Amino acid sequence: MVNGDEAAVVTTTAHEGMTVVRLRGDLDGESAPGLAQALVEAAARGTSRTIIDLSQAEFADSSVLHALFDARKAHMAAGVVLVLAGPLQETIRRLFEVTGSGPAFRMTDSLETAMTC
């Protein structure tokens, strides 16, 4: 936990034949391995789509971004669509803006939109 606000929580659920990975709290180097494992399992699950719900993520650092890029690669190899869903908190939005990594991902403003885009 970086700024002490909220411990990171990563949960995975199935929803209408899709995998939804929800991130909550402050995500950093301590939580990145758990996130990476959840995303590897999501790619291998055999569903057509994985949605990463970032709407409750308060903070993420470069280790989380690295896990997202690894997930993108694994999902592409498995033929599974990977979508990042918001709305994004300011700190998360800035991570994608400052690194210029936003265009590498399919991103939506809501979980509902992510299910159909």
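Figured I'd write up the structure that's included with this text. Everything numeric here is computed off the predicted structure, so don't read it as measured data.

Digging into the sheet that holds strand β4 (residues 81-85)
Working step 1: Spatially, β1-β2-β3-β4-β5 is the arrangement adopted by the five strands of the open sheet, whose pairing is mixed. Edge strands, defined here as strands with exactly one partner in the open sheet, are β1 (9-15) and β5 (106-108). Strand-to-strand twist in this sheet, taken as the mean axis angle between neighbours without regard to direction, amounts to 25°.
Working step 2: As judged from the three bridges shared by β4 and β5, these two strands associate in the parallel manner. Paired with Ala85 across the two strands is Thr108, which belongs to β5.
Working step 3: Here helix α1 (residues 32-44) sits on the sheet in contact with β1, β2 (18-27) and β3 (49-60), set at roughly 175° to β2.
Working step 4: Sheet strands in contact with helix α3 (residues 90-99) are β3, β4 and β5, and its direction is about 110° off that of β3.

With respect to the environment of Val10
Working step 1: Residue placement: Val10 occurs in strand β1.
Working step 2: Residue classification places Val10 among the partly exposed positions, given a relative accessible area of 29%.
Working step 3: The sequence separation of Val10 and Leu35 amounts to 25 residues, and the corresponding C-alpha distance is 6.4 Å.
Working step 4: Setting aside anything within four residues of it in sequence, one finds Val10 in contact with Val21, Arg22, Leu23, Leu27, Leu35 and Ala38.

Calculation rules
- Residues numbered from 1 in each chain as written.
- Predicted model: local features only at pLDDT ≥ 70, side-chain atom pairs only at ≥ 80, totals over all residues.
- Heavy atoms only, no water.
- Pairing = 2+ DSSP bridges.
- Helix = DSSP H or I, 4+ residues; strand = E, 2+ residues; numbered from the N terminus.
- Axes fitted to C-alpha atoms, helices over the stretch in contact; angles between N-to-C directions.
- Contact = heavy atoms within 4.5 Å.
- Buried < 20%, exposed > 50% of the residue type's maximum accessible area, 1.4 Å probe, protein only.

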